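# Structural characterization, general
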Amino acid sequence: MTVKEHIKAIFLDLGGTFRVVDEDNLPFIREARERIKEICGTDMDADAFYNFLNKRYDGYRDWALKYMCEAPEEMLWTRWLVPEWDREKIEPAAKELTYCFRRAKGERVVVEKGIETVKELRARGYLVGIISDLIGTLEIDEWLDHDGIRDLFCTVQQSSVTMLRKPHPAIYFLALSEAGVRPEESCFVGDNLKRDIIGAKQSCFAGTVGAEYPGGLEFKLTEENRPDCIIHHFDELLSVFPGEGRFCPETAEDPTPRIH
């Protein structure tokens, strides 16, 4: 595998790659579910209502994946999640409802050594950006500002803002444009082969890195979705991107991914 040079930017997926869900923070989860119940004014148990919403969300997700787009939060709730509820009550609360719906699954936390790794990649001269599929327009800005890390990223593209979902090339092109780099100068890191890796390849990125962490789902690789290498811990990126604009996939623990 050939070392690629002149790499200026590394783009990261968020969920499952740079942040993971901590489902053990039960008070955090309880507070979010109770708030959803309160806003909607349902008599259902908070957990039962959350499960009810999750089943309906599956239908929305099928639509979003089919068309590679994200609906406005007001439409998410009034068309898919609680269409029988009073629209005049739900629409103004849609952003808070989405925010709580995300938190009701668990607390999103940065992966081990995540911030330190991004800081070191920046110190080595790489730009670092984010391209993420997620619902809700409040969560990411709150997180970036609360943790004081907004300046680490040259661009933050969210499907909830752009209304474009990976693998649609347009969301990648928006990130490239804001970062001021070309695809042949860029690499993408993600945990979803179908969306992250295929999308970056379709957008002509110079390289792709799959994030397959312990305890997660094992990659099912094909020639189409195979990344240049696979990492099993986020800080392994420091060996893959040693500086001076280089991308060295052969230094990863799994440089020649298996194909099923």
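Residues numbered from 1 in each chain as written. Predicted model: local features only at pLDDT ≥ 70, side-chain atom pairs only at ≥ 80, totals over all residues. Heavy atoms only, no water.

This brings us to the overall build of the protein. Check the secondary structure of the protein and you find ten helices and eight strands. Its C-alpha radius of gyration of 19 Å places the protein within 12% of the 18 Å reference for a compact globule of 260 residues. Projecting the C-alpha coordinates of the protein onto the three principal axes gives extents of approximately 60 × 35 × 35 Å. Here the protein holds 260 residues, and the buried ones make up 50% of them. Contacts in the protein between residues far apart in sequence, at least 24 positions, make up 67% of those at least 6 positions apart. Taken as a whole, the protein presents about 12,300 Å² of accessible surface, with 50% of it coming from carbon and sulfur. If you average the places of the 34 positive and of the 48 negative side-chain charges in the protein, the two averages end up 3 Å apart. (Helix = DSSP H or I, 4+ residues; strand = E, 2+ residues; numbered from the N terminus. Rg over C-alpha atoms; globule rule 2.2 N^0.38 Å. Buried < 20%, exposed > 50% of the residue type's maximum accessible area, 1.4 Å probe, protein only. Contact = heavy atoms within 4.5 Å. Areas by Shrake-Rupley, 256 points an atom, 1.4 Å probe, with all protein chains shown as cover. Lys, Arg positive; Asp, Glu negative; His and termini not counted. Charge placed at Lys NZ, Arg CZ, Asp CG, Glu CD.)

Moving on: the pattern of salt bridges. Tallying each qualifying case throughout the model produces 23 salt bridges. Across the pair E34 and R30 runs a salt bridge whose closest N-O atoms are separated by 3.2 Å. In this pair, E34 and R30 both sit in helix α1 (residues 26-40), four residues apart, roughly one turn of the helix. By relative accessible area, E34 is classed as partly exposed at 34%. Its salt-bridge partner being D235, residue K113 comes within 3.5 Å of it at the nearest N-O pair. On the criterion of sequence distance, the pair formed by K113 in the loop between β3 (107-110) and α5 (114-123) and D235 in the loop between β8 (229-231) and α10 (237-240) is long-range, its members being 122 residues apart. Exposure remark for K113: the relative accessible area of 44% places this residue in the partly exposed category. Given a relative accessible area of 26%, D235 falls into the partly exposed group. Through salt bridges with shared partners, a single ionic network connects K8, R182, E184 and E185. (Salt bridge = Lys/Arg side-chain N within 4 Å of Asp/Glu carboxyl O.)

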